[in-house]
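# Commentary on secondary and tertiary structure
Read off the chains here:
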Amino acid sequence: MPRTNRPAAYRLHKARNCAVVTIHGRNHYLGPFGSSESHEQYARLITQWRATDHLAAAESVLVSNGDLTINAIIRQHLIFAAGYYLSRDRFGSRCC
């Protein structure tokens, strides 16, 4: 599936009655749908998504010749881990 430059949609998760956004195949529950807190969480996640995608694009340009460095591997892992573990630690598995 091709990647797009459009941000993921802010939407209602009917079963939990809360806001949700799916980024890179993972659901992020944001709190009560329509609340200012959920919109702030959405804005923060989209900002983080844009920053990591731009860093990943810049990194791929740096290693476009096929030589992958240890520094590039570590950087990619840190970008991944920041988004993956921060969202679980901070919000838990459920929002509501």
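Now for a quick tour of the structure. Everything numeric in this text was worked out from a predicted model, so none of it was measured. (Residues numbered from 1 in each chain as written. Predicted model: local features only at pLDDT ≥ 70, side-chain atom pairs only at ≥ 80, totals over all residues. Heavy atoms only, no water.)

## Focus: the sheet that holds strand E1 (residues 11-13)
Test applied: Strand pairing is assigned whenever DSSP detects at least two bridges linking the two strands. Only DSSP runs of H or I reaching four residues or more are called helices, and only runs of E reaching two or more are called strands; each is numbered from the N terminus. An axis is simply a line fitted to the C-alpha atoms; with a helix, the fit covers only the stretch in contact. Between two such axes, the angle follows the N-to-C directions and lies from 0 to 180 degrees.
The strand order across the open sheet built from three strands is E1-E2-E3, with neighbouring strands paired in antiparallel fashion. The strands lining the two open edges of the sheet, one partner per strand, are E1 and strand E3 (26-32). If you compare each strand with its neighbour and ignore which way they point, the axes differ by 45° on average. In this structure, strand E2 (residues 18-23) lies alongside E3, joined through six bridges in antiparallel fashion. Opposite Val21, over in E3, you have His28 as the bridge partner.

## Section: the environment of Val20
Just so we agree on the cut-off: Every residue pair with non-hydrogen atoms within 4.5 Å of one another is taken to be in contact.
You can see Val20 is positioned in strand E2. Along the backbone, Val20 and Gln41 are 21 residues apart, and their C-alpha atoms lie at a distance of 10.0 Å. Not counting chain neighbours up to four residues away, the residues in contact with Val20 comprise Ala9, Tyr10, Arg11, Leu12, His13, Asn27, His28, Tyr29 and Leu30.

## Topic: the packing of aromatic side chains
Condition: Note on ring pairs: Phe, Tyr and Trp rings are taken, using the six-membered ring of Trp, and paired if centres are within 6.5 Å. Classes follow the plane angle, with under 30 degrees stacked, over 60 edge-to-face and the rest tilted. With a 1.4 Å probe rolled over the protein chains alone, any residue whose accessible area is under 20% of its type maximum counts as buried; one over 50% counts as exposed, and the rest are partly exposed. In this analysis the charged atom, NZ for Lys or CZ for Arg, is taken to sit over a ring once it is within 6 Å of the ring centre and within 35 degrees of the ring normal.
All told, the structure shown has two aromatic pairs when counted by the stated rule. With centroids separated by 5.3 Å and ring planes inclined at 25°, the aromatic side chains of Tyr10 and Phe33 adopt a geometry described as stacked. Taken together, the residues Tyr10 in the segment before E1 and Phe33 in the loop between E3 and helix H1 (36-62) connect sequence positions 23 residues apart. For Phe33, a relative accessible area of 42% corresponds to the partly exposed category. Here Tyr10 and Tyr42 contribute two aromatic rings whose centre-to-centre distance is 5.6 Å and whose plane-to-plane angle is 75°, an arrangement assigned as edge-to-face. Placement of Tyr10 in the segment before E1 and of Tyr42 in helix H1 is noted, with a sequence separation of 32 residues between them. Arg16 extends its terminal NZ or CZ atom over the ring of Tyr29, reaching a point 4.1 Å from the ring centre.

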